[in-house]
Amino acid sequence: MTPTLSIDDLRIAFSHRAGSVEAVDRVSLQIAPSECVGIVGESGSGKTQVFMAAMGLLAGNARATGSVRFEGRELLGADRAALNRVRGSKLTMIPQDPMTSLTPHLKIGIQLAEVMVAHLGKTWSDARSSAGRMLERVHVPEPKRRLNQYPHELSGGMRQRVMIAMSLLCEPSLVIADEPTTALDVTIQAQIIELLRAVRGEFGMALALISHDLAVVAGLADRILVMYAGRIVEAAAAGALFRRPRHPYTAELLKCVPSISGPRSARLPTLAGQPPRPGEVLEACPFAPRCSRAAERCRVERPQLGGPAGAQVACHFPVSDD
Amino acid sequence: MIRYFFTRLAGAIPTLLIIVTATFFLMRAAPGGPFDQEQTLPPEITANLQRAYGLDQPIWTQYGRYLKSLLHGDFGPSFKYKDFTVTELIGQGFPVTLQLGVTAMALALIAGTLLGTFAALHRNSAADHATMSLAMVGIAIPTFVVLPFLGLLFGVYLHWLPVAGWESGSIRHLALPVIALALPPLAYIARLTRAGMLEVLRSSFILTAFAKGLPLHTVILRHALRPALMPVASYLVPAVASIMTGSLVVESIAGLPGIGRYLVQGALNRDYTLVLGMVVIYSTLLIGMGLLVDLLYAWLDPRVRH
Amino acid sequence: MGAFADEAWQRLRSNPAAAAALAVMCAILALTWFGPWISPNDAHTLDWLHLAAPPGMQSSHWFGTDRLGRDLFVRTLAGTRVSMAIGLAASVVSLLVGVTYGAIAGYSGGRTDHLMMRVIEILSGLPLIFFVIVLTVIFGRSESLLFFAIGAVGWLTMARIVRGQTLSVRRREFIEAAIASGAGTVRIIFRHVVPNVLGPVIVYATLTVPQIILFESFLSFLGLGVQEPGASLGTLISEGAAEMEAAPWILLVPGSFLALLLLCLNIFGDALRDALDVRDGSP
């Protein structure tokens with residue numbers, strides 16, 4: 001079966017006055033239909049840029065090579081018309097910050113309806129009704145009233161629901177959710193995660209869940225990709241990743257998630273050091289400077305992603321090998 | 001929205017009153033009278049003239065009478081053009097000036113925003129640099145140089161358009177004056193639109209619009225244009241002021257019988273009532289424009305209304 | 001201030017348009033000062049043999065003559081000198097007035113500041129030409145009126161800028177120290193505040209000069225400014241516009257001079273503003 005999204009050897013570099021900076025360094029991944037994949041990493045790990053490339057939304061000074069195929073069709077380098085056929089309808093995105101992602105001077109109803117008018121050829125009144133129904137499905141109270149309101153009249157959580165609704169209107173095959181909970185209050189975060197779970201159950205589309213927070217990804221993802229310094233360092237089934245992380249970085253990340261059942265006075269473990277600045281291209285393991293298991297080999301030879309499907313890791317001395 | 005409008009209106013009326021009052025008293029308090037420049041007249045005739053024009057009354061009475069007549073649309077008699085009242089002069093000249101000014105403003109707005117948007121979308125291209133260079137020329141070179149130059153090129157050498165003169169409803173006579181008048185605000189608006197558009201195109205909500213697969217023209221027209229025009233909205237009142245100022249020169253050069261030309265003549269002839277009347281008209285226009293711009297802000301950015 | 005100026009100088013040098021503008025301006029300046037020495041003519045002599053003569057190298061009138069036989073080359077240069085002189089002088093006046101007003105407003109703060117700013121708000125809304133016209137009606141045409149009116153062009157913006165800068169400077173420690181040491185208010189303003197707001201002031205001063213030259217030409221053009229027989233570029237252009245169909249050079253010579261002068265001043269001022277403006281700084 002054709003994977004919904006298939007990324008092959010993707011490299012993204014940004015050109016500045018001082019030279020070129022590599023943000024994504026040979027990333028390959030696949031997302032199967034209806035699969036939920038979590039992509040986890042710190043800021044600067046390249047996790048968002050990978051999917052920006054898929055949507056054709058890279059900045060003007062970005063150069064991308066490789067292949068990004070959506071339902072078999074190549075998107076990288078495709079012209080605007082080809083991209084517009086797919087994005088917003090079959091391949092949709094819930095962008096990072098709901099507070100600034102909606103156009104301030106347009107009513108919610110228009111911003112929702114225009115997607116269906118543009119892609120499905122609906123009339124404006126039909127599209128509005130559908131939009132209203134979708135708002136109900138994402139549990140926005142008083143949907144009819146909300147359609148006539150402006151974004152600034154809605155709370156953060158409500159706006160995120162609107163964005164989620166927006167991404168579902170044309171029955172997408174893949175929804176990219178970029179940090180869906182980061183800008184929201186903790187209490188709302190849980191609601192949004194629940195909503196995403198319900199929506200996945202109802203609509204059955206594939207979901208790419210990008211987050212720096214493992215906890216967000218934990219409940220939803222079937223598979224998790226861990227990114228570091230523009231590369232994928234571990235790719236495993238969610239359960240396996242949490243029970244037996246193989247990459248030292250993943251292991252450290254898991255230690256950092258506070259446990260509600262642990263001793264309260266224990267200090268939160270932190271990971272010393274900083275990730276390499278984007279652009280410091282290394283023929284070595286990028287995590288070596290911070291890794292407690294690092295040896296000479298790690299500093300000169302780049303580890304490749306290897307291992308059985310469902311438990312891949314890019315490390316010379318993976319953890320559970322002990 | 002309605003309430004917003006009336007609050008603004010209530011604020012504007014006192015300003016207008018202050019301007020009219022200040023101008024009135026300034027002129028009445030000035031040394032010399034409107035008749036000083038003529039040959040010295042025998043005192044009885046001067047006294048008669050003073051009485052006829054109401055100049056012998058105490059100043060507060062004069063002020064009161066003036067305000068009252070203003071409300072009736074009567075600006076008093078012209079001191080220079082003895083056979084006409086100021087109201088008549090304004091009545092003759094205003095439509096001409098209005099045509100000139102409105103056309104110029106419309107040209108400046110439409111062409112300016114188009115050019116600015118175009119430049120923003122083709123940033124750093126040759127077309128962008130060319131447009132912005134033209135804008136610089138438009139801003140720097142004064143109207144009273146541009147109009148004669150244009151007249152020289154299109155009128156004297158090419159014989160395409162008439163250099164001066166006026167026929168009611170004639171586009172050909174209006175063409176060059178309108179272009180010359182529109183050029184500086186057009187240039188400013190182009191620059192402001194370009195800058196505003198570039199700024200808006202970096203916003204998150206524009207990214208969302210593109211991510212929704214909307215065609216480029218929809219993103220620009222529906223999502224980007226209104227916020228990009230905010231700086232232009234701020235410029236509108238100075239733009240109108242610029243067109244008003246420019247119309248004085250344009251009407252004089254092109255021989256258009258509008259109120260701008262009367263104003264200049266009024267200044268040179270020291271025609272009090274005429275100048276006073278013109279100031280009232282122009283101030284009302286400017287303040288009215290300010291009100292409209294306030295309403296425009298509210299439309300461009302709904303957050304302002306609340 | 002030193003490193004700041006160096007960086008600004010660097011940015012200016014790398015801007016070809018600004019460099020060209022500066023060069024042209026210097027050329028014009030040189031011409032206005034030395035031109036009359038080169039030409040055998042002067043600005044007032046009426047040459048009856050060459051009335052409204054076109055430009056050419058045969059006669060000594062390189063740029064032609066006007067209706068009364070006056071040499072256009074020298075006359076235009078004289079007019080340029082007048083325009084530039086008035087422009088600079090009035091700029092200085094508006095600078096002084098604006099800086100003082102703004103510094104006082106910004107330094108005083110509170111209600112004084114508020115009141116002073118309200119005055120500026122009201123004055124900004126009205127086109128200056130109407131003021132001038134009203135004043136002309138009252139006082140008649142006079143050179144001092146002209147000067148006062150022209151000086152009034154730039155001071156509003158200058159006052160606003162200086163006030164803003166003063167407000168931010170005022171809170172800095174060395175001002176507190178100066179106040180604590182008992183220095184008088186006037187002394188503080190002029191010795192401490194003013195030197196620190198100089199940067200933006202210089203930029204806006206360079207932008208004000210073309211505005212003032214433009215306004216003076218505008219007034220002279222309308223007949224409200226420099227009077228006969230004195231000539232400024234404005235009056236020359238006005239004469240030229242009247243003779244346009246028969247003798248276009250009478251318009252073209254002073255018109256081109258004014259256009260070129262203003263264009264260069266604007267380009268240079270823009271470039272200067274870009275160079276000194278930290279907001280537009282590159283990464």
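How large an interface is tends to be reported as the accessible area lost when its parts come together. Facing the 19 residues of chain B at the interface are 23 residues of chain A. Broken down by secondary-structure element, the contributors of at least two residues to the side of chain B that touches chain A are α8 (204–211) and α9 (216–228) of chain B. Sort the elements by how many residues they give to the side of chain B that touches chain A and α8 of chain B lands first, with 7 residues. Among the residues forming the side of chain B that touches chain A, the class breakdown is 11 nonpolar, 4 polar and 4 charged.

Residue and element names in this part refer to chain A. By the bridge criterion, 8 bridges tie strand β1 (residues 5–16) to strand β4 (residues 62–70) in an arrangement that is antiparallel. Across the sheet, residue I12 finds its bridge partner in β4, namely A64. Bridge count between β1 and strand β2 (residues 19–31): 9 bridges; the pairing is antiparallel. Bridged to L10 within β2 is V27. Where β1 hands over to β2, the hairpin turn is made up of 2 residues, counted between the paired strands.

Contacts between chain C and chain B engage 33 residues on the former and 35 residues on the latter. Here the residues of the side of chain C that touches chain B sort into 24 nonpolar, 8 polar and 1 charged.

What follows is about the nonpolar core. Nonpolar side chains tend toward joint burial in soluble globular proteins. Counting residues in each nonpolar core, the largest one holds 244 residues, and the members touching the most others are A165, L169, A208, L209 and V233 of chain A together with V275 of chain B. Contact partners of L209 of chain A, with chain neighbours within four places excluded, come to C36, V37, G38, I39, A177, V217, L220 and A221 of chain A.

With that out of the way, let us pick up the pairing of strand β9 (residues 223–228) of chain A. All names here are of chain A. Most of β9 sits out of view: 6 of its 6 residues are buried. Burial along β9 is two-sided: R223, L225 and M227 and I224, V226 and Y228, pointing in opposite directions, are all buried. With 4 bridges joining them, strand β3 (residues 36–40) and β9 adopt parallel strand pairing. Residue pairing in the sheet places G38 in a bridge with I224 of β9. Alignment of β9 against strand β10 (residues 231–237), held across 6 bridges, turns out to be antiparallel. Along β10, the bridge assignment pairs L225 with A235. The loop that links β9 with its antiparallel partner β10 comprises 2 residues; one of these, A229, has a positive phi angle of about 50 degrees.

Once that is clear, we can look at the confidence of the model for chain B. Mean pLDDT for chain B: 82, with 84% of residues reaching 70 or above. Per-residue pLDDT, averaged within each element of chain B, yields its smallest value for helix α2 (residues 43–52) of chain B (69) and its largest for α8 of chain B (96).

All names here are of chain A. Structurally, L305 is set in the loop between α11 (296–300) and β11 (311–313). For L305, a count of 18 C-beta atoms within 10 Å corresponds to the partly exposed category. Note: C-alpha distance between L305 and S89 (216 residues apart in sequence) is 33 Å. Once residues lying within four places of it in the same chain are set aside, the contact partners of L305 are I232, A235, Q312 and A314.

All right, on to the confidence of the model for chain C then. Caution applies to low-pLDDT parts of the model: their predicted coordinates are not meant to be read in detail. Residue and element names in this part refer to chain C. Per-residue confidence for chain C gives a mean pLDDT of 77; residues scoring 70 or more make up 87%. When pLDDT is averaged over each element of chain C, helix α10 (residues 233–242) comes out on top at 85 and helix α1 (residues 2–13) at the bottom at 66. Residue range residues 278–283 is modelled with pLDDT below 50. Its contacts to residues more than four positions away, or to other chains, number 1 contact. Complex prediction metrics read pTM 0.82 and ipTM 0.90.

Residue and element names in this part refer to chain A. Ordered in space as β6-β7-β8-β3-β9-β10-β11, the 7 strands form an open sheet in which the pairing is mixed. With partners counted over all chains shown, the strands left at the sheet margins are β6 (91–94) and β11, one partner each. If you compare each strand with its neighbour and ignore which way they point, the axes differ by 15 degrees on average. As defined by bridge partners, β10 adjoins β11 across 3 bridges and the pair is classed as antiparallel. Across the sheet, residue A236 finds its bridge partner in β11, namely A311. Where helix α1 (residues 47–55) meets the sheet, it contacts β3, β6, β7 (174–178), β8 (206–211) and β9, and its direction lies at approximately 140 degrees from that of β8.

So, on to unusual backbone geometry. Look at E171 of chain A: it is not a glycine, yet its phi comes out positive at around 55 degrees. Locating E171 of chain A in the fold gives a position in the loop between α6 (156–168) and β7. Judged by the 12 C-beta atoms lying within 10 Å of it, E171 of chain A falls in the exposed class. The phi torsion at N124 of chain B lies on the positive side, around 65 degrees, for a residue other than glycine. Residue position: N124 of chain B is located in the loop between α4 (86–121) and α5 (126–140).

The subject of this paragraph is the sheet that holds strand β5 (residues 73–74) of chain A. Residues and elements named next belong to chain A. Strand order in the open sheet formed by 4 strands is β2-β1-β4-β5, and the pairing between neighbours is antiparallel. Strands at the two margins of the open sheet, each flanked by one partner only, are β2 and β5. Strands β1, β2 and β4 of the sheet are contacted by α1, whose axis makes an angle of about 105 degrees with β1.

Reading guide: rules and limits
Residue indices begin from 1 for each chain and proceed along its sequence in written order. Chains and ligands are labelled sequentially in the order written, the chains with letters from A and the ligands with numbers from 1. The model is predicted, so local features are restricted to residues of pLDDT at least 70 and side-chain atom pairs to those at 80 or more, both for listing and for counting; the totals for chains, interfaces and linings are taken over all residues. Residues are scored as being in contact if the C-beta atoms we place from backbone atoms lie within 7 Å. Counting from the N terminus, the helices are DSSP H or I runs at least four residues long and the strands are E runs at least two residues long. Here the nonpolar group is Ala, Val, Leu, Ile, Met, Phe, Trp, Tyr, Cys and Pro; Asp, Glu, Lys and Arg are the charged ones; every other residue, Gly included, is treated as polar. When DSSP locates at least two bridges between a pair of strands, those strands are taken to pair. Nonpolar core, as used here: buried Ala, Val, Leu, Ile, Met, Phe, Trp, Tyr and Cys residues forming one set through C-beta atoms within 7 Å. Burial in this document is a count-based property: other C-beta atoms within 10 Å of a residue's C-beta are tallied, and the residue is buried at 20 or more, exposed at 12 or fewer, or partly exposed in between, with C-beta positions derived from the backbone. pLDDT is defined as a per-residue confidence score from the predictor, taking values between 0 and 100. Whenever a helix is involved, its axis is fitted only over the stretch in contact; in every case the axis is a line through C-alpha atoms, and angles between N-to-C directions fall within 0 to 180 degrees.

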